[in-house]
Amino acid sequence: MLKDPWFTVQEIDPSTFAISEYGHWEKVHSFLLIGDTRATLIDTGLGIDDLSRVTSQLTSLPIDVLTTHVHADHIGSHGKYERIFVHQADQDWLVNGIQGLPIEQIRKDMSRDITIPPPDTFDPKTYQPFQGEPAGLLVDGDVFDGGGRKLMVLHTPGHSPGHLSFFERDTGYLFTGDLLYDTTPVYAHYPSTSPVNLAHSLEKISALEGVTKVYGAHNTLGLSPTILNEVRVAVPYLREHNLLRFGTGIHQFNGFSVQF
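Position numbers for residues count from 1 along each chain, tracking the sequence in the order it is written. Since the coordinates come from a predicted model, pLDDT governs what is reported: local features require at least 70, and pairs of side-chain atoms require 80 or more to be given and counted, while whole-chain, interface and lining totals use all residues. Side-chain metrics in this entry use all non-hydrogen atoms of the structure; hydrogen atoms and water are not considered.

1. Notes on the environment of Asp-140
And then number 1: Numbering of helices and strands runs from the N terminus; a helix is a DSSP stretch of H or I covering at least four residues, while a strand is a stretch of E covering at least two. Along the chain, Asp-140 falls in the loop between β7 (136–138) and β8 (143–146).
And then number 2: Categorising residues by exposure relies on relative accessible area from a 1.4 Å probe, with only protein chains included: less than 20% of the type maximum marks a residue as buried, more than 50% marks it as exposed, and the intermediate range marks it as partly exposed. Residue class for Asp-140 comes out partly exposed when judged on its relative accessible area of 41%.
And then number 3: Note: C-alpha distance between Asp-140 and Pro-5 (135 residues apart in sequence) is 37 Å.
And then number 4: Residues are treated as being in contact if the distance between any of their heavy atoms lies within 4.5 Å. If we ignore the near neighbours within four places in the chain, the residues touching Asp-140 are Val-153, Leu-154, His-155 and Lys-204.
And then number 5: Distance and chemistry together define a polar contact, namely a pair of N or O atoms within 3.5 Å, with one atom able to donate a hydrogen and the other to accept it when in protein, and with adjacent residues in sequence counting only for side-chain atoms on both sides. Within polar-contact distance, the side chain of Asp-140 engages the backbone nitrogen of His-155 at 2.9 Å.
And then number 6: Among the polar contacts made by the side chain of Asp-140, one reaches the side chain of Lys-204 at a distance of 2.7 Å.

Rendered as structure tokens:
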């Protein structure tokens, strides 16, 4: 398997790869799906190092980037790719940046708790999140054709207004971005988030049939689809106990947690 000083490449199957940044506290994953004529890259990581160095070694096909959401830790190498897709509700953030989020805070989060040497090209004092126009917009229910690999587009807001998840029915892979992962809480306690929408989005993915693996964008790579059974228990609990509002804190379930 490909070795890299910053990125860890893990083969999910012979044409699907996770590209992870374990040297950073956020433990971010991006995913490369190689089709027959094109490849699809779900998110582009932190931007501490150049993700295209890795993807160019894994495929020579043209690459389309699908954005789960426009937070700095998922769009870091967007500028290395020509065709970027995003949901309309996150489009303004992609073009103009997130209003009200100080660059100093982004730089602080990006540069703390790094456990392996970052590249010499990374300077936290000048780090700048990507800004640019997308090649196209994705809407709920779209089927994105990545060179023969078809991804169902699911609008799953809550963590961000335009958050997207992607389901590949042929393999059963469900890519959940920051909607669902383990170990650390899924965040919906910032002003731009929505606890109510997050619960609705969790309910939406839990109703999918044929999921074989859940690939969140942080922490453990690849979760059993049984976590969706827990989601089906958690959402009614949160509703019944009036917890879907800011300030109710961290709510722990079997395999995941949320923070409102």
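2. Some remarks on the packing of aromatic side chains
Between two aromatic rings, the relevant description is the distance of the centres plus the angle of the planes.
And then number 1: When two rings of Phe, Tyr or Trp (its six-membered ring) have centres within 6.5 Å they constitute a pair, described as stacked for plane angles under 30 degrees, edge-to-face for angles over 60, and tilted for the intermediate range. The tally for this structure, following the rule as stated, stands at ten aromatic pairs.
And then number 2: Relative to Tyr-215, the ring of Tyr-173 lies with its centre 5.6 Å away and its plane at 90°, an arrangement referred to as edge-to-face. You can see Tyr-173 sitting in strand β11 (residues 173–177) and its partner Tyr-215 sitting in strand β13 (residues 213–216), a full 42 residues away along the chain.
And then number 3: One aromatic cluster is present, formed by Phe-31, Tyr-173, Phe-175 and Tyr-215 through successive ring pairs.
And then number 4: Cation over ring: Arg-112 sits above Trp-25, and NZ or CZ is 3.7 Å from the ring centre. Criterion for a charge above a ring: Lys NZ or Arg CZ within 6 Å of the ring centre, and within 35 degrees of the ring normal.

3. Section: helix α5 (residues 227–240)
And then number 1: With 14 residues, α5 extends 20 Å from end C-alpha to end C-alpha; this agrees with the ideal 20 Å at 1.5 Å per step.
And then number 2: All buried positions along α5 are accounted for by Ile-227, Leu-228, Glu-230, Val-231, Ala-234, Val-235 and Leu-238. Projected onto a plane normal to the axis of α5, the buried residues spread over an arc of 135° and lie on a single side. Those residues of α5 that are exposed and aimed more than 90 degrees away from the buried face are Val-233 and Glu-240. By definition here, a helix of n residues has an expected span of 1.5 Å times n minus one. Starting at the helix axis, one direction is taken to each C-beta atom, and the arc is that of these directions.

4. Remarks on the environment of His-218
And then number 1: Mapped onto the fold, His-218 is located in the loop between β13 and α5.
And then number 2: For His-218, a relative accessible area of 4% translates into the label buried.
And then number 3: Through-space distance from the C-alpha of His-218 to that of Leu-58 is 21 Å; in sequence the pair is 160 residues apart.
And then number 4: Sequence-distant contacts of His-218, that is, excluding residues within four places in its chain, are made with Glu-26, Lys-27, Val-28, His-29, Asp-73, His-74, Asp-178 and Tyr-181.
And then number 5: A distance of 2.6 Å separates the side chain of His-218 from the backbone oxygen of Glu-26, its partner in a polar contact.
And then number 6: A polar contact of 3.4 Å, which involves the side chain of His-218, links it to the side chain of Asp-73.

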